[in-house]
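Per-entry structural report
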Amino acid sequence: MIFEPITINGVTFKNRLIRSSIGGRTCYYDGTVNEAWKAFERRFAERGVGGIVSATFTVDDRRWAPLEYPKITHDRYIKPLREGVRAVQALGCRYILQIGDPGYQTQTSLFSERADQMSSSGGFDLLYGYRDVRSALTTEEVELIVENFARAARRVREIGCDGLEVTASKGYLIHQFLNPAINRRDDRYGGSPEKRFQLLKEIVVAIRGAVGADFLFGIRISARDYNYLPLNLRLPAVWPLRHYWFGNGLRETLEYGRRLKELGVDYLHVSNGFGFINPKENPGGFPFEEVRMFANSTRHLGLKAAARATLFNLRPRMLLRWLFGIGWRYELRNQEDARRFRQELRMPIIANGGFQLRAAVVQALTSEACDLVSMARPLLANPELPELFRAGEKAPERPCTFCNRCAVRTTLFPLGCYEPLRFDSQDEMEAQILEWSADVHAGVEPRLAAGDRPPG
């Protein structure tokens, strides 16, 4: 089942394994992808995944974080992206470019910018974003955001990508409009589930108009918001308290899914939680030391950022580790929510979150919980995972521990696995990290994995 092809809106994936969105410092300081990005993406294609979903490319020229992450805000980004995408496709791997706008959850900046606090409504969020408060976008500003997504989508098609994915999860701007604890507007973009959906609806309609009906288009959506995780201070509290504590549940998001299908969305990429990182989208351990490092790196950007860094440096640290670690554990819960979406919506579903063992992937596919399975951290730890699955191996020799260190460290340092338990020495770990972005095949023709053919 893993290696059976599947076709969605004319795009055929050679197998059911997708490398999900994973970001890193692989761009120049203006947001243009460089050779490190090309080498990084090609490495996964060489090892046999059926498709790659890119890191989230920002559609807003001002809201952009971390530095050296990719942009798609100007036509000048098309040519370098096209070169890298073609290299991936030459290896029989499909490439889907993910676009989004972080809104107030922009985590860092060269300088503190008011643009980085914009959201659906005003308020305060201790953990996410670096600005002291968040502020409400005007109706005119929201309309410009819709245009940003449409222009970015047009560029994605011009690049030659196989498809486009919009992130309406991870606590990004669209998610901030969908989440009833964040969106307290009383205009056409808030006040009811229908109005909270309005921004996403307008973006989907604008994108379809820009790319046409024959271009693969998916949405990454959070099945449940779990606003109470991770431990956080978010103000103001809203009524009813279930909106503040839980956010959207499966009932609301299934209805959003139905509307997205009616609007012509081809697939849904299902995860969970609100904010990046969070224990439902990134099941595993809470990377306390890495979060502390990141907080220290942003403390100069404002009063909240300074207070947050001070908090994470308090002693005793064991108490803080315990408090912020509440709710963080490894689980495959997202699979069951993905199953509900597939059963009720009858549309292609990608399930994400915690997959690594061959048996779990096979079970998800054969039980019809999803049509494809996506993963990032396990493939970063063991990029040869598709080859191991093809050989019948149950698990890699040194599996990903889901420590989540990579999810935060790679905002400051090179992409790679930062789990010491997986390596015999620090030198071995460092060599692996540095190799990830190295062009090890410079001047060498790309090789196809056994049985692979370039997409026609």
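Before reading further, recall that the structure is shown in the block above.
Residues numbered from 1 in each chain as written. Predicted model: local features only at pLDDT ≥ 70, side-chain atom pairs only at ≥ 80, totals over all residues. Heavy atoms only, no water.

This next bit is on the packing of aromatic side chains. This structure, assessed with the given rule, holds 15 aromatic pairs. Arranged with centres 5.7 Å apart and planes meeting at 50°, the rings of F288 and F312 form a pair that is tilted. Within this pair, whereas F288 is found in helix α9 (residues 288–298), its partner F312 is found in helix α10 (residues 303–312), the two being separated by 24 residues in sequence. Using a relative accessible area of 1% as the deciding quantity, one classes F312 as buried. Put simply, the rings of F286, F288, F312, F324 and W328 pair up and form one aromatic cluster. Between R259 and the ring centre of F197, over which it is positioned, the NZ or CZ distance is 5.6 Å. Looking at R422, its charged tip hangs above the ring of F423, at a distance of 5.4 Å from the centre. (Phe/Tyr/Trp six-rings, centres within 6.5 Å; stacked < 30°, edge-to-face > 60°. Helix = DSSP H or I, 4+ residues; strand = E, 2+ residues; numbered from the N terminus. Buried < 20%, exposed > 50% of the residue type's maximum accessible area, 1.4 Å probe, protein only. Lys NZ or Arg CZ within 6 Å of the ring centre and 35° of its normal.)

Take helix α1 (residues 35–46) next. Taking 1.5 Å as the rise per residue, α1 with twelve residues should run 16 Å; its terminal C-alpha atoms sit 16 Å apart, in good agreement. Counting buried positions along α1 gives eleven out of twelve residues, so the element sits mostly inside the fold. All of the buried residues along α1 are A36, W37, K38, A39, F40, E41, R42, R43, F44, A45 and E46. A side-chain oxygen of the first residue of α1 lies 3.0 Å from the backbone nitrogen of A36; this N-cap is N34. Once α1 ends, the next one or two residues include G48, with phi positive near 105°. (Expected span 1.5 Å × (residues − 1). Polar contact = N/O pair within 3.5 Å; in protein donor to acceptor, adjacent residues only side chain to side chain.)

Note on pairing: side chains with opposite charge can pair once their charged atoms come close. Overall, the coordinates contain 43 salt bridges when judged by the stated rule. R19 is the partner of E41 in a salt bridge, and the nearest nitrogen-oxygen pair spans 2.8 Å. Residue E41 is found in helix α1, and its partner R19 is found in strand β3 (residues 17–19); the two are separated by 22 residues along the sequence. Looking at E41, the relative accessible area reads 3%, which means it is buried. (Salt bridge = Lys/Arg side-chain N within 4 Å of Asp/Glu carboxyl O.)

Further remarks concern the pairing of strand β14 (residues 372–375). Neither face of β14 is exposed, since L372 and S374 on one face and V373 and M375 on the opposite face are all buried. Across three bridges, β3 lies against β14 in parallel orientation. Pairing of I18 across the sheet is with S374, part of β14. Pairing geometry for strand β13 (residues 349–352) and β14, over three bridges, is parallel. (Pairing = 2+ DSSP bridges.)

Before going further, it helps to examine unusual backbone geometry. Each neighbour pair has its own omega, and for L229 with P230 the value is -5°, a cis peptide bond. Positionally, P230 belongs in the loop between β10 (216–222) and β11 (234–235). In the segment running from W239 into P240, the intervening peptide bond is cis, with an omega of 0°. Among the secondary structure elements, P240 is positioned in the loop between β11 and α7 (241–245). One non-glycine residue, F402, lies in the positive phi region at around 55°. Summarising the element assignment, F402 is placed in the loop between α15 (385–390) and α16 (405–409).

Keep in mind these values describe shape, not function.
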